[in-house]
Amino acid sequence: MVATPAGNRLENLWDDAKAASMSESEKLLYRSNLLGSDKRVTNYGGGNTSAKVMETDPLGGGQAEVLWVKGSGGDIGSMKMDGFSTLYMDKLRALKGLYRGVAFEDEMVGYLPHCTFNLNPRAASIDTPLHAYVPKKHVDHVHSDAIIAIAASVNSKELTAEIFGDEIGWLPWKKPGYELGLWLEKLATENPGMRGAVLESHGLFTWADDAKDCYLTTLEIINKAATWLEVKSAGKPAFGGAKVPTLPADERRAIAARLMPVIRGLISKERHKIGHFDDQDAVLEFVASQDFARLAPLGTSCPDHFLRTKIRPQVVDFDPANPDLDKTIASLPAAAEAYRADYTAYYERCKKPDSPALRDPNAVVWLVPGVGMITFALDRATARISGEFYVNAINVMRGSSAVSTYQGLPEQEAFDIEYWLLEEAKLARMPKPKALAGRVALVTGGAGGIGSATAERLLRDGACVVLADIDAAAAADVAAGMAKVFGQDAVRSVAMNVTVESDVAEAFAFAALEFGGVDILVSNAGIASSAPIEETSLALWNKNMDILSTGYFLVSREAFKLLRQQGIGGSVVFVASKNGLAASPNAAAYCTAKAAEIHLARCLALEGAEAGIRVNVVNPDAVLRGSKIWSGEWLDQRASTYQTDKEGLEEMYRSRSMLKRSVLPEDIAEGIWFFVSDLSAKSTGNILNVDAGNVQAFTR
Ligand code: NAD
């Protein structure tokens with residue numbers, strides 16, 4: 001390994017003892033996971049690795065040389081064995097006879113499935129020829145920020161020679177594909193001492209005949225580049241130093257929470273998007289810097305970066321030295337429109353007769369000086385990853401502009417990648433979005449029986465969910481369980497007492513910061529109480545009114561404010577009760593508060609309609625299972641009112657119902673789902689009883 005200063009250098013994590021018992025393909029997986037686990041080596045989903053291995057041929061039992069190479073999609077850091085495609089090397093070599101030249105290189109992708117070894121269903125990626133033809137057993141291709149900083153400099157060829165001498169070659173920019181595979185083969189064959197190559201504006205290739213050697217070479221070359229950059233940029237302030245101040249963390253978050261719903265509304269007219277906020281140091285340094293205004297419009301270079309981030313970010317007009325958030329918010333519609341016009345003009349300038357249709361022309365990355373970076377995508381993970389990619393791009397620009405002049409890709413090259421027919425085919429293969437994809441729901445009482453069943457139902461259909469509950473620990477527990485099933489990106493929890501105005505405002509601001517806004521409010525937090533009227537204390541009466549009536553008013557009011565800022569409609573569902581329609585013995589406070597809830601919903605349906613905000617009510621009855629209400633005082637009181645126990649009550653409610661069925665939290669969740677989904681797009685001001693049939697509660 002090259003001698004590097006102590007500190008931020010990649011360490012050799014290879015464990016000989018572990019690797020000793022591994023087959024060659026297992027060693028490839030081991031190496032891939034080690035490399036991909038460090039984002040300094042490659043970005044999420046970026047790069048690929050391969051090994052040429054002798055295998056027993058299932059046809060005839062002889063030995064065959066097989067290329068194991070990361071298949072289409074996936075990420076080398078987290079992939080498993082099934083992420084590799086396997087192809088016969090002799091068939092891959094034979095493809096050269098079919099190659100009609102660079103103008104036809106895309107058709108070579110169609111031949112790759114014919115080379116499949118052992119019926120492996122993993123589709124081979126466009127990068128397969130880049131590995132196949134390098135005359136070495138092991139090949140790594142990674143997108144290290146340090147290497148791309150050199151690759152994206154105007155004099156990257158000279159810099160590569162200066163840093164690496166003859167051991168690392170250099171190839172000019174070429175779209176990945178069959179032709180680039182042949183270029184790499186030629187370079188490696190003509191220079192047998194070479195250990196890899198820098199690809200202009202793209203990344204690094206390294207190779208060796210041994211798995212561990214290949215791994216060590218990759219680390220060594222990246223460390224060498226990082227050290228060289230560090231030495232060359234020592235003493236120079238990054239991006240020319242700060243131009244504007246960076247605001248304190250709490251102010252940054254508050255500003256982002258105000259901006260995100262407005263931006264979200266502006267870019268979600270066709271399909272709802274989810275937002276992500278990032279104010280890590282690298283971002284803050286860039287957006288406050290002298291060079292920011294000059295570098296941001298140049299766009300990202302590595303194709304992997306701009307496929308996720310779009311070529312250029314949107315710079316938000318905000319002056320942290322003299323903040324005027326209202327002015328900034330007022331500037332956003334025109335800024336979004338200008339970006340769309342600019343992107344559409346780029347499409348028109350570069351399109352070819354067979355180009356796919358114009359895609360969503362809105363910005364993905366929004367940069368706010370002194371505040372941070374906001375990214376939007378159709379789902380939360382993609383929004384987060386797009387942000388990570390832009391941080392890669394920032395790192396590249398920082399390194400490159402410290403030692404040279406940074407250059408983005410020529411516009412036409414960028415377009416040809418972005419609107420590549422093969423890229424379009426990949427998009428077309430993506431599964432259809434789920435019914436609630438891109439939607440954000442805030443569920444009050446989310447830690448409880450009906451609240452958590454509802455959250456799960458909405459998550460299952462692709463929504464992001466904030467569980468808001470007075471019991472913060474219980475909500476965090478429920479959220480942690482759901483994150484295991486639906487992913488960390490999809491679910492959050494927040495402490496909120498629905499009766500406290502500031503709690504409610506903060507919970508909505510939290511949702512805006514975490515997901516970009518809110519589309520769905522499920523107002524469900526609740527309690528139950530039972531007492532004859534003479535024994536109903538004022539405190540008990542007020543408690544019911546506070547939580548079930550005032551609390552529903554407060555959360556709806558906050559939801560309305562946010563939904564109006566977004567301007568893309570929304571859905572509010574109140575979980576009331578059969579008791580809001582039908583009188584029930586010894587429960588006057590509860591029944592009256594629930595009746596107030598139902599009428600509040602009707603009033604809000606009237607007010608919200610012109611803004612596309614629908615408000616509906618689901619009335620449960622006797623949902624004993626899963627409900628915390630039915631494990632406390634209420635249970636004892638109802639049991640004593642009807643002179644029975646819990647089982648007896650459940651049975652009593654079941655047999656009392658017209659349909660003779662028990663009502664479960666999942667049944668209520670289905671009703672709520674109907675009102676939040678587009679299936680009920682034309683329903684507002686309605687009440688849906690989910691009570692197994694109760695004639696007293698029939699609406700009229
Ligand atoms: P649950 O007790 O399991 O859940 C209610 C949740 O609300 C709890 O997690 C609780 O911590 C939370 N909560 C209570 N006060 C709060 C406050 N001030 N701020 C924020 N969160 C608060 O009960 P559940 O059965 O899931 O009830 C949910 C809703 O359904 C309630 O509004 C209830 O009145 C209504 N409902 C339930 C039934 C039933 O039989 N379970 C019948 C009719 C109506």
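Note that the coordinates shown come from a computational prediction; the quantities given were computed from them, not determined experimentally.

A.B. asks: Let's hear about the site of the ligand: which residues, and what values?
C.D. replies: Taken together, the neighbourhood of the ligand is formed by 29 residues, with D469, V623, S627, K628 and W630 sitting nearest. Backbone polar atom of I450 to an oxygen atom of the ligand: 2.8 Å apart, as the coordinates give it. Side-chain polar atom of W630 to an oxygen atom of the ligand: 2.7 Å apart, as the coordinates give it. Burial of the ligand by the protein amounts to 94% of the accessible area it has alone, namely 820 Å². Of all the elements in the fold, those that place two or more residues in the shell around the ligand are α17 (449-460), α20 (538-566) and α21 (588-608). For the shell around the ligand, the residue count by class is 17 nonpolar, eight polar and four charged.

A.B. asks: So, the sheet that holds strand β3 (residues 84-88): which residues are in play, and what are the values?
C.D. replies: The strands making up a sheet associate through hydrogen bonds between their backbones, and the pairing can be parallel or antiparallel. Judged by pairing direction, the sheet is mixed, and its seven strands sit side by side in the order β3-β2-β1-β4-β7-β6-β5 without closing on themselves. Looking at strand neighbours, the two that pair on one side only are β3 and β5 (168-171), the edges of this open sheet. Going from strand to strand, the sheet's axes swing by 20° on average, the running direction of each strand aside. Pairing of β5 with strand β6 (residues 196-199), which is carried by four bridges, proceeds in the parallel orientation. Its bridge partner lying in β6, G169 is registered against A197. In the packing of helix α2 (residues 24-36) onto the sheet, the strands contacted are β1 (48-56), β2 (63-70), β3 and β4 (138-142), and the crossing angle to β1 comes to about 170°.

A.B. asks: Kindly report on the packing of helix α9 (residues 249-267) against α20, identifying the contributing residues and their values.
C.D. replies: Two numbers describe how α9 lies on α20: the axes approach to 7 Å, and their chain directions differ by 45°. Taken together, α9 and α20 sit at an angle that is classed as oblique. Residues P261, V262, R264 and G265 of α9 form the contact with α20, whose own contacting residues are L562, Q565 and Q566.

A.B. asks: Outline the environment of A211, supporting the account with residue identities and numerical values.
C.D. replies: Residue placement: A211 occurs in helix α8 (residues 211-233). Separated by 165 residues in sequence, A211 and G46 place their C-alpha atoms 20 Å apart. When near neighbours in sequence (up to four residues on either side) are disregarded, A211 contacts W14, K27, R31 and H138.

A.B. asks: An account of a nonpolar patch on the surface is requested, with residue identities and associated values reported.
C.D. replies: Together, M658, L659, V695 and F698 give the surface a local cluster of nonpolar side chains, amounting to about 410 Å² of exposed area. Structurally, V695 is set in the segment after β18 (687-690).

A.B. asks: With reference to specific residues and values, describe the nonpolar core.
C.D. replies: Formed by 90 residues in total, the largest nonpolar core has its most connected members in L259, W366, I374 and F508. Among the elements that take part in this core, α20 stands out by supplying ten residues, more than any other. For this core, the two domains that each supply at least three residues are domain 2 (255-428) and domain 3 (440-629 + 663-689). With near-sequence residues (within four places) excluded, W366 lies in contact with I263, I267, Q314, V316, L332, A336, G372, M373, I374 and F376. Counting 43 residues, the second-largest nonpolar core is a separate cluster that includes L34, V66, L219 and A226.

What counts and how
- Residues numbered from 1 in each chain as written.
- Predicted model: local features only at pLDDT ≥ 70, side-chain atom pairs only at ≥ 80, totals over all residues.
- Heavy atoms only, no water.
- Near = heavy atom within 4 Å.
- Polar contact = N/O pair within 3.5 Å; in protein donor to acceptor, adjacent residues only side chain to side chain.
- Areas by Shrake-Rupley, 256 points an atom, 1.4 Å probe, with all protein chains shown as cover.
- Helix = DSSP H or I, 4+ residues; strand = E, 2+ residues; numbered from the N terminus.
- Nonpolar A, V, L, I, M, F, W, Y, C, P; charged D, E, K, R; others polar.
- Pairing = 2+ DSSP bridges.
- Axes fitted to C-alpha atoms, helices over the stretch in contact; angles between N-to-C directions.
- Contact = heavy atoms within 4.5 Å.
- Parallel < 35°, antiparallel > 145°, perpendicular 65-115°, else oblique.
- Patch = residues over 30% accessible without salt bridge, like charges linked within 9 Å, V, L, I, M, F, W, Y side chains within 5 Å.
- Salt bridge = Lys/Arg side-chain N within 4 Å of Asp/Glu carboxyl O.
- Core = buried A, V, L, I, M, F, W, Y, C linked by side-chain atoms within 4.5 Å.
- Buried < 20%, exposed > 50% of the residue type's maximum accessible area, 1.4 Å probe, protein only.
- Domains from an automatic or database assignment.

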